[in-house]
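# Structural description and commentary
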Amino acid sequence: VLKEKVLDYTAWNAAEAKVPADLSVYTPNSVAAFTAAKDAAVAAKADAAAAYDQAALDKAAADLEDAIALLKAQADKAALNAAIARATALNADAYTPDSWAAADLANVLAAANAVNADDNAAQDAVDAQVAAIEAAEAKLVKKADKSALTAAIEAAKALDEDDYTPDSWTAA
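For clarity, every value in this text was computed on a predicted model and none was experimentally measured. (Residues numbered from 1 in each chain as written. Predicted model: local features only at pLDDT ≥ 70, side-chain atom pairs only at ≥ 80, totals over all residues. Heavy atoms only, no water.)

## Looking at the packing of aromatic side chains
For the coordinates displayed, the defined rule picks out two aromatic pairs. Centre to centre, the rings of Tyr95 and Trp100 are 6.0 Å apart; their planes meet at 25 degrees, and the pair counts as stacked. Its relative accessible area of 26% is what places Trp100 among the partly exposed residues. Measuring from ring centre to ring centre gives 5.8 Å for Tyr164 and Trp169, while their planes differ by 35 degrees; the resulting arrangement is tilted. Take Tyr164: its relative accessible area is 39%, and that puts it in the partly exposed class. (Phe/Tyr/Trp six-rings, centres within 6.5 Å; stacked < 30°, edge-to-face > 60°. Buried < 20%, exposed > 50% of the residue type's maximum accessible area, 1.4 Å probe, protein only.)

Next comes the structure, spelled out in structure tokens:
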């Protein structure tokens, strides 16, 4: 009596069901790695099926699971975009020269823009750039508004000594 060889595709089907339909939410590098690994697993599955090799089929299923694990979600850059916009809008004239130099916003923004442009940037790299911008902003010291002081000095200069008693004039 001949017995037909039948392969159990349970593990393969379970792994295949986990393959995301939308790869656009993952980094391009991880999608490329996933695609190569998935293609290898699919080829291994075909070879296993042709050879009626259950162990090879189960390994192909495990390889597909490993391929899925290679996918890395794209970083959320909303906070980075907001921080870049905020820092870009700052005006050096509004801050003391020493604090502007200490903040080094040109270099901080260059690094932040580089990470922002990197489609493969990890979330921790994005978060680090947000923190770097916030640290630079914290170093900024606004220039004092001297308009009230200037007005008070000009008003004092306009006072006439003859309008005041000698004691009050010397006390002022």
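We are not done yet, so read on.
## Observations regarding the side chain of Ser99
On the secondary structure map, Ser99 appears in helix H5 (residues 97-103). Given a relative accessible area of 6%, Ser99 falls into the buried group. Residues within four places of Ser99 in sequence aside, it is in contact with Lys139, Leu140 and Val141. (Helix = DSSP H or I, 4+ residues; strand = E, 2+ residues; numbered from the N terminus. Contact = heavy atoms within 4.5 Å.)

## Remarks on the nonpolar core
Membership of the largest hydrophobic core comes to 18 residues, with the highest contact counts inside it found for Leu80, Ile84, Leu105, Val126 and Ile133. Elements supplying a minimum of two residues to this core: helix H4 (78-88), helix H6 (105-117) and helix H7 (123-138). For this core, the leading source of residues is H6, giving five residues. With residues near it in sequence (within four places) discarded, Val126 still touches Ala75, Asp76, Lys77, Leu80, Val115 and Ala121. If you look at the next biggest cluster of nonpolar residues, it comprises nine residues, including Leu7, Trp12, Ala41 and Leu57. (Core = buried A, V, L, I, M, F, W, Y, C linked by side-chain atoms within 4.5 Å.)

## Re the environment of Ile133
With respect to the helices, strands and loops of the structure, Ile133 is situated in helix H7. For Ile133, a relative accessible area of 0% gives the class buried. The spacing of Ile133 and Ile153 is 20 residues in sequence and 39 Å in space, taken between C-alpha atoms.

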